[in-house]
Amino acid sequence: MTKRQRQAKHAAEHRHMRDRLLRIFDAADADVTAAGRLWYPGAENVIADLSREFQLGRPRVAAIVAVLSPRQRWRKNIEGARHVLEGEAWRAPGYDSNRAKAEALATGTPLELVIGGDKVTSFWANLIGSRTAVTVDVWAQRAALGYYHRHQPKHGRYERFVNIYRAAAEATGETPREFQSIIWNAIRPAVEHKRDWESIYAAS
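Caption draft 1: Representation of helix H2 (residues 30-54). For H2, spanning 25 residues, the distance from its first C-alpha to its last is 36 Å, which sits close to the expected 36 Å at 1.5 Å a residue. Trp-39 marks where H2 bends most, by close to 35°; the proline Pro-41 follows one to four residues later. Backbone nitrogen of Asp-31 and a side-chain oxygen of the N-cap are separated by 3.2 Å at the start of H2; the cap is Asp-29. Just downstream of H2 lies Gln-55, where phi reads positive at about 55°.

Here is the structure:
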């Protein structure tokens, strides 16, 4: 395959995934869309409340939440952040290394020495108000692909999904942050309730 052919193939795959996301967006009912638009503003309020309660800046509190987020439900994510902020002995239900990062942040370690990884960095940016960052977790990736993929996208592949989400968001007039949240709200609950995969993903 020549370089031009590879580029054409890549562009076609990009359009196909963008169009799949747009079909999911168009099929989402009003409640799902509204919930997606409100999720990050609600999360920002939670961060603000914790910031006031523990007298720490919002970026640091958001960083603690973000590093604890991999493979966590939001409720457990916040519960874990509270344990860390209170200085309680606590075993993270996720990865011990993430708990160690959160504890380092709570004790004053500079953010730039702790925050890392595509997903965590994007989620942190979204939690402190960025509307252009895109958090691509496994569910966001599955929505674009149209099938179940177990692993988190990394490096150049992650950025590719970010670009696809931004292109789809631009077509709808939504911000990239809110568009991704709407897609997440449309996909994950439905799949977890074992509805038909193909109809949920509007796969062609």
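Okay, back to it.
Caption draft 2: Quick look at the side chain of Asn-185. Mapped onto the elements of the fold, Asn-185 is located in helix H9 (residues 176-192). Polar side-chain contacts of Asn-185 include one of 2.8 Å to the backbone oxygen of Ser-181. Leaving out residues up to four positions away in the same chain, Asn-185 has contacts with Val-32, Ala-35 and Gly-36.

Caption draft 3: Just the environment of Lys-154, in detail. Summarising the element assignment, Lys-154 is placed in the loop between helix H7 (138-145) and helix H8 (155-172). Residue Lys-154 is classed as exposed on the basis of its relative accessible area, which comes to 56%. With 59 residues separating them in the primary sequence, Lys-154 and Tyr-95 have C-alpha atoms 18 Å apart.

Caption draft 4: Up close: the packing of aromatic side chains. In total, this model carries seven aromatic pairs according to the counting rule given. Arranged with centres 4.9 Å apart and planes meeting at 85°, the rings of Trp-39 and Tyr-40 form a pair that is edge-to-face. A residue is classified by how much of its surface remains accessible, and Trp-39, at 29% relative accessible area, is partly exposed. One aromatic cluster is present, formed by Trp-39, Tyr-40, Trp-74 and Phe-123 through successive ring pairs. The side chain of Lys-119 reaches across the aromatic face of Phe-123, ending 5.0 Å from its centre. Over the ring of Trp-139 we find Arg-142; its NZ or CZ atom is 4.6 Å from the centre of that ring.

Caption draft 5: Inspection of the environment of Asn-98 at higher detail. Tracing the backbone shows Asn-98 in helix H5 (residues 96-106). The buried category is assigned to Asn-98, whose relative accessible area is 9%. For Asn-98, the contacting residues outside a window of four places in its chain are Val-67, Leu-68 and Pro-70.

Caption draft 6: Structural context of unusual backbone geometry. Positive phi values are uncommon outside glycine, yet Gln-55 reaches one of about 55°. Within the fold, Gln-55 resides in the loop between H2 and helix H3 (58-68). Its relative accessible area of 68% is what places Gln-55 among the exposed residues. Backbone geometry places Arg-71, a non-glycine residue, at a positive phi of 65°. By secondary structure assignment, the location of Arg-71 is in the loop between H3 and helix H4 (74-85). The exposed category is assigned to Arg-71, whose relative accessible area is 54%.

Definitions and cut-offs
- Residues numbered from 1 in each chain as written.
- Predicted model: local features only at pLDDT ≥ 70, side-chain atom pairs only at ≥ 80, totals over all residues.
- Heavy atoms only, no water.
- Helix = DSSP H or I, 4+ residues; strand = E, 2+ residues; numbered from the N terminus.
- Expected span 1.5 Å × (residues − 1).
- Bend = angle between axes of the 7 residues up to and from the residue.
- Polar contact = N/O pair within 3.5 Å; in protein donor to acceptor, adjacent residues only side chain to side chain.
- Contact = heavy atoms within 4.5 Å.
- Buried < 20%, exposed > 50% of the residue type's maximum accessible area, 1.4 Å probe, protein only.
- Phe/Tyr/Trp six-rings, centres within 6.5 Å; stacked < 30°, edge-to-face > 60°.
- Lys NZ or Arg CZ within 6 Å of the ring centre and 35° of its normal.

This is a description of form; function is not addressed.
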